[in-house]
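Residue-level listing of the chains:
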Amino acid sequence: MRSFTYERAKTAIEAAAAVARTPGAKFIAGGTNLLDLMKLQIETPTHLVDVNGLKLDTIEPTPEGGLRIGALVRNTDLAADERVRRDYAVLSRALLAGASGQLRNRATTAGNLLQRTRCPYFYDTAQPCNKRQPGSGCSALDGVSRQLGIVGVSDACIATNPSDMAVAMRALDAVVETVRPDGAGRTISIAEFHRLPGDTPHLETALEPGELITAVTLPPPVGGRQIYRKVRDRASYAFALVSVAAVIHQNGTGRVAVGGVAHKPWRIEAAEADLPRGSKVVTEQLLADAKPTHDNAFKRPLVERTIGAVISQARS
Amino acid sequence: MRFDTPATTNPIDQLKVVGRPTDRIDGRHKTTGTAPYAYERHDVVPDQAYGFVLGAAIAKGRIAAMLLDEAKAAPGVLAIVTTLDMPRLERGMMNAAYLFGGPVVQHYHQAVAVVVAETFEQARAAAYLIRVDYEPEAGKFDLAAEASNAPLVGDDSGEGSSGPPEVRVGDFEGAFKAAEVKHDESYTTPDESHAMMEPHATIAAWDGDQLTLWTSNQMIGWGKRSIAKILGIPAQNVRLDSPYIGGGFGGKLFIRADAVLAALGAKAAQRPVKLALTRPLIANNTTHRPATIQRIRIGANRDGIITAIAHESTSGNLADGKPETAVSQTRLLYAGANRLMAMRLAPLDLPEGNAMRAPGEAPGMMALEVAMDEMAEKLGLDPVQFRILNDTQVDPENPNRRFSHRDLVGCLRLGAERFGWDKRNAQPAQVRDGHWFVGMGVAAGFRNNLLTKSAARVRLDGQGVVAVETDMTDIGTGSYTIIAQTAAEMMGVALDKVVVRLGDSSFPVAAGSGGQWGANNSTAGVYAACVKLREAVVQRLGFNSADAVFADGAVRSGNRSVALAEAASAGELVAEDFIEYGDLAKTHQQSTFAAHFVEVGVDALTGEVRVRRMLAVCAAGRILNPKSARSQVIGAMTMGVGAALMEELAVDKRRGFFVNHDLAGYEVPVHADIPHQDVIFLDEVDPMSSPMKAKGVAELGICGVGAAVANAVYHATGIRVRDYPLTLDKLIGHLPEAV
Ligand SMILES: Cc1cc2nc3c(=O)[nH]c(=O)nc-3n(C[C@H](O)[C@H](O)[C@H](O)COP(=O)(O)OP(=O)(O)OC[C@H]3O[C@@H](n4cnc5c(N)ncnc54)[C@H](O)[C@@H]3O)c2cc1C
Ligand code: SF4
């Protein structure tokens, strides 16, 4: 860990301005991801702007009938919120499938969206990694890649986004609200929020330098059976090999977003029309452009099977 | 005390304290945070500075130069010692890798420097500023690719699972060829990491030429000799102290880089140095259980009698490293007139392979007991029955040599009854429970019982308190408690009148914790010392030693009874002795036995395997404390589930290292993976093992578990996976299609 300076921001705009002003500055929320990365010198911020005091920790109804989730709402509180459990059960279930109780107590909504990949080479500073050190190469491409991405990948990076929460938010069409250093706010749809790696895998989101997430809004409830199915090598406390967030209506139509396969939660709306026809046709469309490695080729059938499991569960 | 004839009746047989399910006497310290682990010994010496180890960034090659200017100038830095500062240091006992010194890099994350600073954060930050100029060389990292050229190699380390390169009995090839039913398959097990909770950690302090290490080490006696050898100093100048150990599983049998670099750092900084290996270093810097490729051939007649059995195993290691002795149990477990066992060792440039919980037997049983399941099916026999049919009461290589006590059959029969084995459908893939395929599997468990010299000192004070001192360790196993039980039984006092001090090299040298030899040997050493103390007491009180009875805090003979404390009224009584063994272990084969039963569910769509219930029935001599023994066995069963379903150090075969080198990447079972476990101990004693009549259980508990899981997966699905771990990617291609 390198030495850094630290300040507590009082307002959102102040926080954004502070980060924009100081080269190498970063926000810190729960710190459950950032601090681990700093200890390994994967992240080396020179200045931390603590956003925990910004009072962005409430969940409010929106005029449209949806929910506005403050950026600092803890994962535990979000998962337990009565409205979330009733109307957006897939989100609650996704949160509870992630990390551990202790971590969820600390982890925030914004921090969760911005958690970084779990590619093992990203964590070993002795190894080339384009995401950690642009231009150094990708060790995973011809290395150990069982956990890594199969679709939307590039020759520069095949990492996945490890968030469970984001997969559910993708299925729910969430919208990220931000404030920029100049004080101007904007909204970014969750579909546009995370980027594909392309040849700049170190750029992971649509956020600009200093841009602060203030909230995530959910549109009015869509009903349906809401299922989050996370498949992993052990029963708990592991990142997904593949996960599926689904909303399935009685007539078999619905939505599916897939985690563990790409640099972002993976959803192709056009494929969803075929949900009543079963998992195979849907998966064929979702993974039409998949480029798995030898190690992770199993993820293709696993996606199909997990979507199949979700459809069966919805019918039962 | 020399133990060379089978034990007869002795005070332990009273079983007033020994043999009872007793809470850990150190439990309160553990649960209240007052049992300090090595890194927490803030009070043992003042002015502790922090050390941080830098590991090599290449797998093989040389270090041309190291640039330290920036690191030296970093805040708080007190000293930096690098591998180029000194000629290559000697190795400790039984280790192949060099821990420090010299420009040659043997494996990834081998220590190349230690930075000492005022704080941990400063030491770490400075370590990242060291610039190392490497000259990498090509290495060999792929066991499968090297296996075909691997020469036959034996292991004569005497660590328990040793064996010659090849053993032949009868004419295996001829008998196999002629066999009516045959099985010939290969199995693989991956590299595994000990993944103990407490990392390797040491505080080192020099006082002139005297070195003290407050450390975390399973084998104090070995450790003392090893650190002296590594540093080139006399062993009497070294003291090790290791009273509490947060798990070891074989990873702390040896002196490792934490101890060596804490000592070197302390010398350079002229300050005590506290140092722990970081989690990312542990997988590649320390030792691991090496991967194996095993071929098993079994031939039998149609009635299921084995006529030929061969087990060949190939593993890899650094030069001077040992093979994984995965064939050792097959020499002893089943009858069969014609036998072939062989071990091959491929030179690899991966980190050092060495002992991990039940080295040899753990991976060996994972293969053998699946092969037995497959063979039973070919024969149309129930797998429990097939094993019983081929039981042996003698060493199959030397039929004149009997087992000291062997009740594998009893374990299998009782286990089958308790587990409801008779409800198992012989056909696989018949039972569905919702979206789960459900299956049951069985495997035998087997691990040798090892005898080794062990010493202790006992003191009796004027309050009637008995204190035991021995360098035996408690690695979470319960040694404190069984030693206290032994002393209480021998001296006729209550448990709360016994104090146990462990892990200090200034105490008499005990067996230490390894090879599941700790419990039997260390308590036998305490028994021997107590026999001497009893003699001293009897003499002091003027009793006739032959009929004195030690009970209820008093010594009685005829009508006369005197409080035990009286014997020490004029001053403490001290006795010291050791147990050493004659040739009972040569004339008889001493082993421990188990039957493992497992029920699993396999998700019909995703292939996720979840264990539903487990049972182990163990026959391992006298069980000294059923409560701590049960904890050992359920812990071992849990580790067996890990080996079966998820544990694997993933090798990057080009860069030459274990990639998943933290506990996020190296998955071990969590609570949710382990729903229900039962353990039954057969009520037995083994008078050949020691005056305690006990044997080990802690490694027995893992041996066979993985195979029982794999056999259950087969029974659930009809899919036979022969490559561990049985992750879902190896199953889904064979499962029914999705909707
Ligand atoms: C052992 C372990 C297991 C885990 N398992 C899982 C799992 O199974 N599934 C899963 O989904 N996650 C898992 N996680 C990840 C966990 O969900 C994240 O660490 C957590 O959500 C991050 O939230 P935080 O508030 O602590 O973020 P921080 O660590 O504080 O920040 C993360 C990033 O977000 C930025 N940031 C924070 N707040 C804002 C804001 N308001 N605006 C802009 N940028 C901001 C920070 O600058 C930083 O770059 C695991 C983590 C650990 C340590
Ligand atoms: S996949 Fe991405 S994160 Fe992983 S090594 Fe390659 S560039 Fe780095």
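Residues numbered from 1 in each chain as written. Chains lettered and ligands numbered in written order. Predicted model: local features only at pLDDT ≥ 70, side-chain atom pairs only at ≥ 80, totals over all residues. Heavy atoms only, no water.

Asks: In this structure, what is going on with the interface of chain A and chain B? I would like to understand it.
Replies: Many structure descriptions define interface size as the accessible area lost when the parts assemble. Taken together, the contacts link 43 residues of chain A with 38 residues of chain B. Of the roughly 3,200 Å² buried between chain A and chain B on both sides combined, carbon and sulfur atoms contribute 53%. For chain A, the biggest contributors to the area lost against chain B are D233, R234 and R305 of chain A; these three give 23% of the whole. The tally of links between chain A and chain B comes to 5 salt bridges. Measuring nitrogen to oxygen at the nearest pair gives 2.8 Å for the salt bridge that ties D729 of chain B to R146 of chain A. Run the count over chain A and chain B and you get 18 residue pairs in polar contact (both at pLDDT 80 or more). Among the elements that line the side of chain A that touches chain B, the one with the most residues is helix α11 (residues 299-315) of chain A, at 10 residues. (Contact = heavy atoms within 4.5 Å. Buried area = accessible area lost by both parts, 1.4 Å probe. Salt bridge = Lys/Arg side-chain N within 4 Å of Asp/Glu carboxyl O. Polar contact = N/O pair within 3.5 Å; in protein donor to acceptor, adjacent residues only side chain to side chain. Helix = DSSP H or I, 4+ residues; strand = E, 2+ residues; numbered from the N terminus.)

Asks: Just checking my understanding: could you explain the domain arrangement of chain B for this structure?
Replies: All names here are of chain B. As far as domains go, chain B holds domain 1 (2-35 + 451-585) and domain 2 (392-449 + 590-739). One C-alpha centre belongs to domain 1, the other to domain 2; they are set 34 Å apart. Between domain 1 and domain 2, the residue contacts involve 35 residues of the former and 29 residues of the latter. When the two sides are added together, the surface that domain 1 and domain 2 hide from each other amounts to roughly 2,400 Å², 54% of it contributed by carbon and sulfur. The three residues of domain 1 that bury the most area against domain 2 are L451, Q516 and N520, which together make up 27% of that side's buried surface. Across the domain 1-domain 2 interface, the total number found is 3 salt bridges. Across the pair R622 and D13 runs a salt bridge whose closest N-O atoms are separated by 2.7 Å. Linking domain 1 with domain 2 are 19 residue pairs in polar contact (both at pLDDT 80 or more), by the criterion used here. Of all elements in the fold, only α12 (479-491), α13 (518-541), β27 (573-581) and α14 (584-587) reach the threshold of two or more residues within the side of domain 1 that touches domain 2. Take the side of domain 1 that touches domain 2: its biggest share by element is 5 residues, from α13. For the side of domain 1 that touches domain 2, the residue count by class is 16 nonpolar, 15 polar and 4 charged. (Domains from an automatic or database assignment. Nonpolar A, V, L, I, M, F, W, Y, C, P; charged D, E, K, R; others polar.)

Asks: What's the story with the nonpolar core in this structure? I'm lost.
Replies: Inside soluble globular proteins, nonpolar side chains tend to come together where they are buried. Formed by 127 residues in total, the largest nonpolar core has its most connected members in V258 and V261 of chain A together with F597, V600, L645 and V709 of chain B. Sort the elements by how many residues they give to this core and helix α9 (residues 361-379) of chain B lands first, with 11 residues. Setting aside its immediate chain neighbours within four residues, V600 of chain B contacts F437, V438, G439, V609, R610, V611, R612, V709, A712, V713 and A716 of chain B. Core analysis: the next-biggest nonpolar cluster, separate from the first, contains 52 residues, A7, A529, I579 and M692 of chain B among them. (Core = buried A, V, L, I, M, F, W, Y, C linked by side-chain atoms within 4.5 Å. Buried < 20%, exposed > 50% of the residue type's maximum accessible area, 1.4 Å probe, protein only.)

Asks: Explanation requested: the site of ligand 2 in the structure shown.
Replies: Taken together, 13 residues lie around ligand 2, and C119, C129, C138, C157 and I158 of chain A are the ones closest in. Considering only residue class, the shell around ligand 2 consists of 10 nonpolar, 2 polar and 1 charged. (Near = heavy atom within 4 Å.)

Asks: How should I be thinking about the sheet that holds strand β16 (residues 338-347) of chain B in this particular structure?
Replies: Sheet strands pair by backbone hydrogen bonding; their relative direction is either parallel or antiparallel. Residues and elements named next belong to chain B. The mixed open sheet is built from 5 strands, whose spatial order is β8-β16-β15-β14-β9. Whereas interior strands pair on both sides, the edge strands pair on one side only; in this sheet they are β8 (166-169) and β9 (181-189). Within the sheet, the average angular offset between the axes of one strand and its neighbour, ignoring direction, is 10°. Strands β9, β14 (292-300) and β15 (306-317) of the sheet are contacted by α9, whose axis makes an angle of about 150° with β9. (Pairing = 2+ DSSP bridges. Axes fitted to C-alpha atoms, helices over the stretch in contact; angles between N-to-C directions.)

Asks: Help me understand the site of ligand 1 in this model?
Replies: Residue and element names in this part refer to chain A. In the vicinity of ligand 1 lie 33 residues, with F27, G31, T32, T108 and D164 positioned nearest. With respect to ligand 1, the backbone of F27 contributes an N or O atom lying 2.5 Å from an oxygen atom. Contact distances for ligand 1 include 2.6 Å between an oxygen atom and a backbone N or O atom of G31. Considering ligand 1 on its own, with 990 Å² of exposed area, one finds that the protein chains cover 94% of that surface. Among the secondary structure elements, those contributing two or more residues to the shell around ligand 1 are β2 (25-28), α2 (34-39), α7 (109-113) and β8 (212-218). For the shell around ligand 1, the per-class residue count stands at 16 nonpolar, 11 polar and 6 charged. (Areas by Shrake-Rupley, 256 points an atom, 1.4 Å probe, with all protein chains shown as cover.)

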